[in-house]
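Architecture and fold: a report
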Amino acid sequence: MPAMVEIMTPDTKARACGTCTLCCRLPEIDHLSKPANILCVNCVTGQGCLIYEHRPDLCRNFLCAWMTDPKLGPEWQPSLAKMMVYRQGDQLTVLVDPDEPQSWHREPYATQLSSWATQAAEYGGYVIVFVGNDVYKVAPANQPPQGKLASMSDA
Ligand code: SF4
Ligand code: SF4
């Protein structure tokens, strides 16, 4: 499962997290010994981070793609989409809320993910989706569907 990475670009915080706390639940955060898909012990639903002023730099500097990229429309607000997106080098990482594991198959998300995979393939990039213990690579639009890449539970 991917860890949270620092991707914040200053001056791009045009949106607000509101009541969304997906990045406090879905990613693995080694610094906090937090496993993937488990709510951080410092997070209270509806209140947010209990150690906000003293939260680790990793948390302080992280913003998901919806927060930084105006090209992602309102439908990509993570708590609405039931998934969060962020970039890790050439990889666009999609963490799906395991409580809504089919989210990424719904429209408009499935078509958008395929489009991103097509665009990413042009520069050697890819789109990887994590759903619970399962990992998928999204197929570009002109290629046959790709199945599961791996399952953490197989390890
Ligand atoms: S997933 Fe994005 S919108 Fe949600 S709390 Fe984290 S940074 Fe904010
Ligand atoms: S320390 Fe705070 S900001 Fe960081 S994951 Fe936990 S609740 Fe979220």
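Being a predicted model, the structure only gives us computed values, none of them experimental. (Residues numbered from 1 in each chain as written. Chains lettered and ligands numbered in written order. Predicted model: local features only at pLDDT ≥ 70, side-chain atom pairs only at ≥ 80, totals over all residues. Heavy atoms only, no water.)

1. Comments concerning the nonpolar core
With 33 residues, the main nonpolar core has Trp76 and Trp104 as its most contacted residues. Take this core: its biggest share by element is five residues, from strand E5 (residues 126–131). There are two domains that each give this core at least three residues, and those are domain 1 (18–62) and domain 2 (71–155). With residues up to four places along the chain from it excluded, the contact list for Trp76 reads Trp66, Ala81, Met83, Val85, Tyr109, Gln112, Leu113 and Trp116. (Core = buried A, V, L, I, M, F, W, Y, C linked by side-chain atoms within 4.5 Å. Buried < 20%, exposed > 50% of the residue type's maximum accessible area, 1.4 Å probe, protein only. Helix = DSSP H or I, 4+ residues; strand = E, 2+ residues; numbered from the N terminus. Domains from an automatic or database assignment. Contact = heavy atoms within 4.5 Å.)

2. Comments concerning the site of ligand 1
Lining the immediate surroundings of ligand 1 are Cys17, Cys20, Cys23, Cys64, Met67 and Pro78. Cavity membership is defined here by more than half of the atoms lying within 2 Å of grid points; on that basis ligand 1 lies in the largest pocket. For the shell around ligand 1, the residue count by class is six nonpolar, no polar and no charged. (Near = heavy atom within 4 Å. 1 Å grid on protein atoms, 1.4 Å probe; cavity = no way out; pocket = protein on both sides within 12 Å on 5 of 7 lines; lining within 4 Å. Sits in = over half its atoms within 2 Å of the grid points. Nonpolar A, V, L, I, M, F, W, Y, C, P; charged D, E, K, R; others polar.)

3. A look at the layout of surface pockets
A volume near 710 Å³ is recorded for the largest pocket. Lining the largest pocket are 34 residues, and of these Cys17, Cys20, Cys23, Cys24 and Tyr52 sit closest to its centre. Residue assignment for the lining of the largest pocket shows that the elements contributing at least two residues are strand E2 (48–49), helix H1 (57–60) and helix H2 (65–68). Split by residue class, the lining of the largest pocket holds 24 nonpolar, seven polar and three charged. (Points joined across faces, edges and corners; volume = space filled by probe spheres on them.)

4. Topic: the pairing of strand E3 (residues 83–88)
By the bridge criterion, six bridges tie E3 to strand E4 (residues 91–96) in an arrangement that is antiparallel. Bridged to Val85 within E4 is Val94. Counting the residues between successive antiparallel strands, the hairpin from E3 to E4 contains two residues, one of them, Gly89, with a positive phi of roughly 60 degrees. (Pairing = 2+ DSSP bridges.)

5. Digging into the confidence of the model for the chain
As a note on interpretation, predicted positions should not be read in detail where pLDDT is low. Confidence along the chain averages 88 in pLDDT terms, with 88% of residues attaining 70 or more. Per-element mean pLDDT across the chain ranges from 76 in strand E7 (residues 148–151) up to 97 in E4. Counted against residues more than four places away or in other chains, residues 6–12, with its pLDDT under 50, gives 14 contacts. (pLDDT = per-residue confidence, 0-100.)

6. Structural notes on the environment of Leu22
Note on placement: Leu22 falls in the segment before strand E1 (43–44). Residues Leu22 and Lys82, spaced 60 residues apart in sequence, show a C-alpha to C-alpha distance of 8.4 Å. Once you skip the residues sitting within four places of it in the chain, Leu22 turns out to touch Pro27, Pro78, Ser79, Lys82, Met83, Met84 and Asp97.

7. Some words on the environment of Glu28
Topologically, Glu28 is positioned in the segment before E1. Placed 12 residues apart in sequence, Glu28 and Cys40 show a C-alpha to C-alpha distance of 9.5 Å.

8. A few points about the sheet that holds E7
Sheet architecture is open: five strands sit in the order E3-E4-E5-E6-E7, paired in mixed fashion. In this open sheet, the two edge strands, each paired with only one partner strand, are E3 and E7. When strand polarity is set aside, the average angle formed by the axes of neighbouring strands in this sheet is 20 degrees. Across six bridges, E4 lies against E5 in parallel orientation. Looking across to E5, one finds that Val94 is bridged to Val129. The strands touched by helix H4 (residues 109–121) within the sheet are E3, E4 and E5, with E5 carrying the most contacts at an inclination of about 140 degrees. (Axes fitted to C-alpha atoms, helices over the stretch in contact; angles between N-to-C directions.)

9. Some details on the side chain of Arg55
If you trace the backbone, Arg55 turns up in the loop between E2 and H1. Although Arg55 is buried, it makes no salt bridge; Glu53 carries the closest opposite charge, 5.8 Å away. Apart from residues lying up to four places away in sequence, Arg55 is in contact with Cys49 and Arg60. (Lys, Arg positive; Asp, Glu negative; His and termini not counted. Salt bridge = Lys/Arg side-chain N within 4 Å of Asp/Glu carboxyl O.)

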